[in-house]
Amino acid sequence: MTRSWWSTGRAGRIGIDLGTDVLAAIACTSDGTIDARIELPRRDPRGPIAGEVPRLVRAMARRGFRPAPVIVVPPDADTVVAELSLPSAASGAPLDDIVREQLGRMRQTDPFALDVAWWSTQRAASAHTPGSAPTATASAPLRSLGVGMLRSSAESIAAAFDLVGLDVDVLDLRSLALARATAGVAGDGIEVVLDLVGPAPI
């Protein structure tokens, strides 16, 4: 499929949520204005999500979505998000490997079948780069958030969008997207985000 159906206009980004029961997409212009939106029930909630992509993109074409980078949230079943307690940064432990092992065990899969990232949730270390150890300032356990996604699922989703002429710019996780979206409203004091639409509270 070519991209000829895309209309011209002030492009921003397109967010696509490949949910358990519903497919959703929303496009914003460069100034943040909502330009288009659509929701479709999945035809086969138990089937491969990649098979749902062509139908969603055809519906987006009819709804007038404009060309923009595509950010995709994969199904929750293909991801894992967990708060982790890691050895201190001063311990010299292989933190990346520990995160991978813990997430693989939680997901009940081969740790090396996951693409993972992690970062400290402690305020003093909040500015460090995800996946790298913060400055060693204490011997206490390091409270962190770890995320992972099945690599095979990521590749399948990217390939499905590529076949219909769209490039996936970012694969995001629903809980992280919700946290960013609500941070500007609730401020730094936010503790819990309750998703009343998705399959489970975050």
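Keep in mind that what you see is a predicted model, and the values were worked out from it rather than measured.

### Points about the overall build of the protein
Part 1: When its secondary structure is counted, the protein shows four helices and eight strands.
Part 2: Listing every helix and strand of the protein by position from the N terminus yields β-β-β-α-β-β-α-β-β-α-β-α.
Part 3: At a minimum sequence separation of 6, the contacts of the protein that also span at least 24 residues come to 62%.
Part 4: Accessible surface, the protein: about 11,400 Å² in total, of which carbon and sulfur atoms supply 54%.

### Describing the side chain of Arg100
Part 1: Position of Arg100 relative to the elements: it lies in helix α2 (residues 95–107).
Part 2: Buried charge without a partner: Arg100 forms no salt bridge, and the closest opposite charge is Asp97, 5.3 Å away.
Part 3: One polar contact links the side chain of Arg100 to the main-chain carbonyl oxygen of Leu114, over a distance of 2.6 Å.
Part 4: Among residues more than four places away in sequence, those in contact with Arg100 are Pro111, Phe112, Leu114, Val116 and Arg151.

### Quick notes on the side chain of Thr79
Part 1: Looking at the element boundaries, Thr79 is found in strand β5 (residues 79–86).
Part 2: Look past the residues within four positions of Thr79 in its chain and what remains in contact with it is Pro74, Arg107, Gly148, Met149 and Leu173.

### Some details on the pattern of salt bridges
Part 1: Across all of its chains, the model carries seven salt bridges by this definition.
Part 2: Its salt-bridge partner being Asp169, residue Arg13 comes within 3.4 Å of it at the nearest N-O pair. With a gap of 156 residues between them, Arg13 in strand β1 (residues 13–18) and Asp169 in strand β8 (residues 168–171) connect regions that are remote in the sequence.
Part 3: A single salt-bridge network, built from bridges that share partners, covers Asp17, Asp76 and Arg174.

### A closer look at helix α3 (residues 151–163)
Part 1: With 13 residues, α3 extends 18 Å from end C-alpha to end C-alpha; this agrees with the ideal 18 Å at 1.5 Å per step.
Part 2: Along α3, the residues classified as buried are Ser153, Ala154, Ile157, Ala160 and Phe161. Mapping the buried residues of α3 onto a view down its axis gives an arc of 130°, with all of them on the same face. Of the exposed residues in α3, the ones pointing more than 90 degrees away from its buried face are Ser152, Glu155 and Leu163.

### Points about the sheet that holds strand β3 (residues 34–41)
Part 1: Strand order across the open sheet formed by five strands is β3-β2-β1-β4-β8, with mixed pairing between neighbours. With one partner strand each, in any of the chains shown, β3 and β8 form the two edges of the open sheet. In this sheet, neighbouring strand axes are inclined to one another by 15° on average, regardless of whether the strands run parallel or antiparallel.
Part 2: Here β1 pairs with strand β2 (residues 22–28) via six bridges, running antiparallel. The residue bridging Leu18 from the neighbouring strand is Leu23, located in β2.
Part 3: Sitting on the sheet, helix α1 (residues 53–63) touches β1, β2 and β3, and the angle it makes with β3 is about 140°.

### Overview of the sheet that holds strand β7 (residues 142–150)
Note: strands within a sheet are paired through backbone hydrogen bonds, in either parallel or antiparallel orientation.
Part 1: Strands sit in the order β5-β7-β6 across an open sheet of three strands; the sheet is antiparallel. The sheet is open, and its two borders are formed by β5 and β6 (114–120), each paired with just one other strand. Along the sheet, successive strands turn relative to each other by an average axial angle of 20°, direction set aside.
Part 2: As paired elements, β6 and β7 share seven bridges and run antiparallel to each other. Within β7, the position partnered with Leu114 by the bridge is Leu150.
Part 3: Each of β5, β6 and β7 touches α2; the most contacted strand, β5, lies at about 130° to it.
Part 4: The strands that α3 touches are β6 and β7; relative to β7, the one it contacts most, it runs at about 55°.

### Regarding the environment of Val80
Part 1: By secondary structure assignment, the location of Val80 is in strand β5.
Part 2: When the C-alpha atoms of Val80 and Leu173 are compared, they prove to be 9.0 Å apart, with 93 residues separating the residues in sequence.
Part 3: If near-sequence neighbours (up to four positions away) are discounted, Val80 is found in contact with Leu103, Met106, Arg107, Gly146, Val147, Gly148 and Leu173.

What counts, and where the lines are drawn
Residues numbered from 1 in each chain as written. Predicted model: local features only at pLDDT ≥ 70, side-chain atom pairs only at ≥ 80, totals over all residues. Heavy atoms only, no water. Helix = DSSP H or I, 4+ residues; strand = E, 2+ residues; numbered from the N terminus. Contact = heavy atoms within 4.5 Å. Areas by Shrake-Rupley, 256 points an atom, 1.4 Å probe, with all protein chains shown as cover. Buried < 20%, exposed > 50% of the residue type's maximum accessible area, 1.4 Å probe, protein only. Lys, Arg positive; Asp, Glu negative; His and termini not counted. Salt bridge = Lys/Arg side-chain N within 4 Å of Asp/Glu carboxyl O. Polar contact = N/O pair within 3.5 Å; in protein donor to acceptor, adjacent residues only side chain to side chain. Expected span 1.5 Å × (residues − 1). Arc of directions from axis to C-beta. Pairing = 2+ DSSP bridges. Axes fitted to C-alpha atoms, helices over the stretch in contact; angles between N-to-C directions.

So yeah, pure geometry; function would need other evidence.
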